[in-house]
Amino acid sequence: MPGRPAKAPRSGRTPILYGREGDIAVIEGLLDRVRDGGGALVVSGEPGIGKSSLLEVSQDLARERAMRVLRLCGVTSETHLPFGALQQAVGPILGQADTLPARQRSALQAAFGQGDDTAAPDIFLVGLATLTLLTASAARKPILLVADDVQWLDQPSRDVLAFISRRLNSDPIILLMAIRSDSEDEFPHSDVSRHRLSRLDAAAAERLLDARTPDLTSDLRRRFLDEAAGNPLALVELPRSGHKTAESHWLPLTDRLERAFFSRVSGLPAAARTLLLVVAENDGKSLREVLDAGEVLLGERVGLDTLAPAVSALLIEVDAGEVRFRHPLVRSAVHQAANPVMRHAAHAALARVIRDQSDRPLWHRLASAIGPDEALAGELDDAAARLQRRGALATAIIALENAARMSGTAPSRSGRLLRAAGFAADLGRPETVERLLREADPDHQQPHVRASFAWIREVSQPLTVNDLARISALVGFAADARTHGDDDLALSLLWRAAQRCWWGNASDAVRAGVDAAASEMGLPATDARLIAIASYVEPLRNGHEVHRQLAAHAAAGTADPVAAWILGLAANTVGAFDFGVSCLTDASTAFREQGRLGDLARVLFARSFAETETGDWMGALRSSAEAIRFGEETGQTVWVAAATIVQARLAAMQGNFDTAAACAGQAERLVQSPGISFWLAMLQNARGIAALGAGRPAEAYEQLQRVHTLGDPAFNTGLQFFSLADYVEAAQSCGHEAAAASAVAEVERRAMSKPVPWVRIMLCYGKALLAAPARAETFFQEGLGAGGQNWPFLRGRLFLAYGEWLRRQRRSIDARVPLRTARDIFDALGAVPWSERSRRELRAAGETSRPRKGRVLDTLTPQELQIAELAAGGLSNKEIGARLYLSHRTVGYHLYRIFPKLGITARSRLQSALSRHLESVA
């Protein structure tokens, strides 16, 4: 292999790579620590720099340490074979798949085309199944998983590797990946360690050249050292080629290497060159296939002896019925040198001789096809459907694009491109969606077809950017879909239009238009999307009816997780957070089981928002932390930012102001884009509550006022009433009573005397703060009536404000009960600033309080608390790992850290420890 001398002894058997002592030491360090925890490392470098050689040495070193070695390798001709590379790796341990949980086993079987389940597996569920399989095997023997030429892996295999690479810290598994430096962006995860191979220094280059070509003249020796410039492959291969053309020196090194390889190819017998072309074009390694295809092309019997000259020229290796190139640049050289007619003929021959039951012959037929072929296009359609069932949407897109190219009519071409665009939208690739839709030419389609185009384009774009022009367009497309009888598409389009109303400060007229269009459809009022449309277009005015529908759904139950998700969002929008928690928990449970981590990130953010209002702050921390983790993993920065804002707000309410400021700053960096008022409004609300907690009402008013100021980037009508209590308190405290009264009046006007309970209590709170002494107590008592238990923080603030008001009215004895109640609520929540404020007011009212005790649970991270609760509920480490998309050893590592924090030594004491430390919320 390039850069490797004849095997010289090192630690008995391991060969030496010249000049790579430091690089090998990095690998040895990983291998030596594997039993304490594994990890992933990406090794990058230019072609020929020695990445594959380093991987080979790493495998030798791993075997010396009694580790199991699993291997996969990317090949350019195999990128259309979904999960093919992954199957290479796990093939030796696939017999253990029977021990996997049923859903994971089914996902892995479907990915490998072995299952009969019609439901397409999510890529993350396939990743979890692979991780579980690897960790189970590694429990018996540590594993080195080697992935070479990652840039040429099929996309699903690469996605699974990315998933695994983030989860190995607690398992005896090392994932070592080699990738060309010009392709590093194809494996972008920033938390995976990187190691770039540099060119050999002068001394190492000379040693390698002298070892491989000892008889060179001094002139040739110097010339090859200069041309290779420290590239090991060039040092080995350029002297073999006999290249002496001066102009070659000015070519890029990769081109010179390809020429060097082809110079050896061109000297082979014609039959050997033909077989080499078949090897280059084949998407498998079978020697039998190469020989059979060669016989088709040459019209005569061929055998292994026909390939012998290529083996002797060190271009290919033949072993155990397989044939492979010694270096990818050999394949590239052979492919580039062949004319299109020869390549087409090679693919046609392969299509005739391949006997397996996969779609491989179809891809070779495609590569040999010229011009439209509707029959072939139809077979590619069927292949795309099979790929979809395997969860290989990226490959299905390729199949459909090629089917469109082969289509005999414009409508069939457009329909296939439309399907491909839909898959691209599912994968979150808006640029691909736009390209495919442009190629499908939507402007020349029928109106109902344009509605489908609009839907795919819409779901591929972020909702959070204000674009009011799109709302009216969506309503128009919905009308087109409805005219054609597609009510489902029409309602989906209106649902997106409603969301844009709420996110983007739509006018009352635009909102009314969306609401009217949905009402005119005549669908059952219980449809989740209809309920959500009503909530999003007018959350205050329609809040009462939405609340009633949510209560009916809660009583009947909702089996569909997507409907539960939509209802949960609707509940949060109108302020029915208790229903929101319930619906979003149902949705998150289903999405977690299905491996839908992208959807789960959004659901968990929404649930954390609801949990904050319902007083489950520990739950909110857990949910938001998971939303951040899954959002980062799936590339959904918007939900990372949203969940980070929730954490900023939680930290502020707990009095951790430095943490709150840090989270707010991090979120602000993530949402710095024009037209994203919703996130900026959320951020201002978080900063406002932080300023209130810190005792700076003027600053709080300044922060919150931005949400109400037309023209400010944070202006957002949808979120103004969410911070009503904060806004009124800040405004009243610093002399802006008129602004506060205006906000209260506007919320009351829109709610039309039928606010949902949470909004009603906020209105009572605001009116009480602003009322004259003769009326204030009535508002306080109304707000503290039945129904406030679901909103403990808001209820605690009412008790605190009531107690403060009573004390100012010189009713100190009466003030003690509400102040005491407020203190206990805030203590239970961990709302330290408000807890301390309650204690100060109690002292002023003549009653002292014991200091608030710090809670042991506060020392646990959100993930540790989640694991502790699941373990206390009786789940095993494997079951917890499956739920959280972690390995069971990672779960065990967290429990090892949790026990001393809770003062226990056994799993059996977790439940009592948690019960002892959890304080009920008054």
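Residues numbered from 1 in each chain as written. Predicted model: local features only at pLDDT ≥ 70, side-chain atom pairs only at ≥ 80, totals over all residues. Heavy atoms only, no water.

## So, the layout of surface pockets
Gaps left between atoms are located by rolling a probe of water-molecule size over the structure's atoms.
At step 1: In this model, the second largest pocket occupies a volume close to 1000 Å³.
At step 2: Taken together, 39 residues make up the lining of the second largest pocket; nearest its centre are Gly74, Val75, Thr76, Ser77 and Arg331.
At step 3: Of all elements in the fold, only α2 (51-64), β2 (68-73), α11 (270-281), β7 (322-325), α14 (328-337) and α16 (360-368) reach the threshold of two or more residues within the lining of the second largest pocket.
At step 4: If you tally residues by element for the lining of the second largest pocket, the top one is α14, at 5 residues.
At step 5: Counted by class, the lining of the second largest pocket contains 12 nonpolar, 13 polar and 14 charged residues. (1 Å grid on protein atoms, 1.4 Å probe; cavity = no way out; pocket = protein on both sides within 12 Å on 5 of 7 lines; lining within 4 Å. Points joined across faces, edges and corners; volume = space filled by probe spheres on them. Helix = DSSP H or I, 4+ residues; strand = E, 2+ residues; numbered from the N terminus. Nonpolar A, V, L, I, M, F, W, Y, C, P; charged D, E, K, R; others polar.)

## Considering the sheet that holds strand β5 (residues 193-196)
Working definition: the strands of a sheet are paired by backbone hydrogen bonds and lie parallel or antiparallel to each other.
At step 1: Strand order in the open sheet made by the 5 strands is β2-β3-β4-β1-β5, with parallel pairing throughout. Strand pairing shows two members of the sheet lacking a second neighbour, β2 and β5, which therefore form its edges. Taken pair by pair, the neighbouring strands of this sheet meet at an average axis angle of 20°, ignoring direction.
At step 2: Taken together, the 6 bridges between β2 and strand β3 (residues 143-148) define a ladder with parallel strand orientation. Bridge pairing in β3 links Val69 to Leu144.
At step 3: Along the sheet, helix α6 (residues 155-165) makes contact with β1 (39-45), β2, β3 and β4 (173-180), crossing β4 at roughly 135°. (Pairing = 2+ DSSP bridges. Axes fitted to C-alpha atoms, helices over the stretch in contact; angles between N-to-C directions. Contact = heavy atoms within 4.5 Å.)

## Structural notes on the pattern of salt bridges
At step 1: Under the counting rule described, the total for this entry stands at 66 salt bridges.
At step 2: Of the charged contacts in the structure, one is a salt bridge between Glu458 and Arg470, with a shortest N-O distance of 3.0 Å. In this pair, Glu458 is assigned in helix α21 (residues 447-459) and Arg470 in helix α22 (residues 469-483), connecting sequence segments 12 residues apart.
At step 3: Note that Glu869 is salt-bridged to Arg622, the shortest N-O span being 2.9 Å. In this pair, Glu869 is assigned in helix α42 (residues 862-872) and Arg622 in helix α30 (residues 617-633), connecting sequence segments 247 residues apart.
At step 4: For Glu869, a relative accessible area of 28% translates into the label partly exposed.
At step 5: For Arg622, a relative accessible area of 14% corresponds to the buried category.
At step 6: One connected set of salt bridges, linked through shared partners, spans Asp508, Glu538, Arg541, Glu746, Arg749 and Arg750. (Salt bridge = Lys/Arg side-chain N within 4 Å of Asp/Glu carboxyl O. Buried < 20%, exposed > 50% of the residue type's maximum accessible area, 1.4 Å probe, protein only.)

## Some details on the environment of Ala162
At step 1: Within the secondary structure, Ala162 is located in helix α6.
At step 2: As for Ala162 and Val192, which are separated by 30 residues in sequence, their C-alpha atoms are 9.0 Å apart.

## A word on the nonpolar core
At step 1: Ranked by size, the top nonpolar core spans 219 residues in total, and within it Phe605 and Trp679 carry the most contacts.
At step 2: Among the elements that take part in this core, helix α31 (residues 637-653) stands out by supplying 12 residues, more than any other.
At step 3: Counting residues in each nonpolar core, the second largest holds 49 residues, with Ala204, Leu257, Ala313 and Phe325 among its members. (Core = buried A, V, L, I, M, F, W, Y, C linked by side-chain atoms within 4.5 Å.)

## A look at the side chain of Asn282
At step 1: Along the polypeptide, Asn282 turns up in the loop between α11 and α12 (287-298).
At step 2: In this structure the side chain of Asn282 is engaged in a polar contact, spanning 3.4 Å, whose partner is the backbone oxygen of Gly284.
At step 3: At a separation of 3.1 Å, a polar atom in the side chain of Asn282 contacts the side chain of Arg360.
At step 4: Excluding anything up to four places from it in sequence, Asn282 contacts Ser77, Glu289, Val290, Arg331, Leu350, Ile354, Arg360 and His364. (Polar contact = N/O pair within 3.5 Å; in protein donor to acceptor, adjacent residues only side chain to side chain.)

## Observations regarding the packing of helix α29 (residues 597-614) against α30
At step 1: At a closest axis distance of 8 Å, the pairing of α29 and α30 adopts a crossing angle of 155°. In terms of their interaxial angle, α29 and α30 are classed as roughly antiparallel. Considering the relative orientation of α29 and α30, their crossing is left-handed. On α30, the residues that touch Leu597, Leu600, Ala601, Leu604, Phe605, Arg607, Ser608, Glu611 and Thr612 of α29 are Trp617, Gly619, Ala620, Ser623, Ser624, Glu626, Ala627, Phe630 and Gly631.
At step 2: Per-class residue counts for the contact of α29 with α30 are 9 nonpolar, 6 polar and 3 charged. (Parallel < 35°, antiparallel > 145°, perpendicular 65-115°, else oblique. Left-handed = near helix turned anticlockwise from the far one by under 90°.)

## Focus: the pairing of β1
At step 1: Among the 7 residues that make up β1, 7 are buried, leaving the element largely enclosed by the rest of the structure.
At step 2: Neither face of β1 is open: one carries Gly39, Leu41, Val43 and Gly45, the other Ala40, Val42 and Ser44, and all of them are buried.
At step 3: With 7 bridges joining them, β1 and β4 adopt parallel strand pairing. Bridge pairing links Gly45 to Arg180 in β4.
At step 4: In this structure, β1 lies alongside β5, joined through 4 bridges in parallel fashion. When the sheet's bridge partners are listed, Val43 is paired in β5 with His195.

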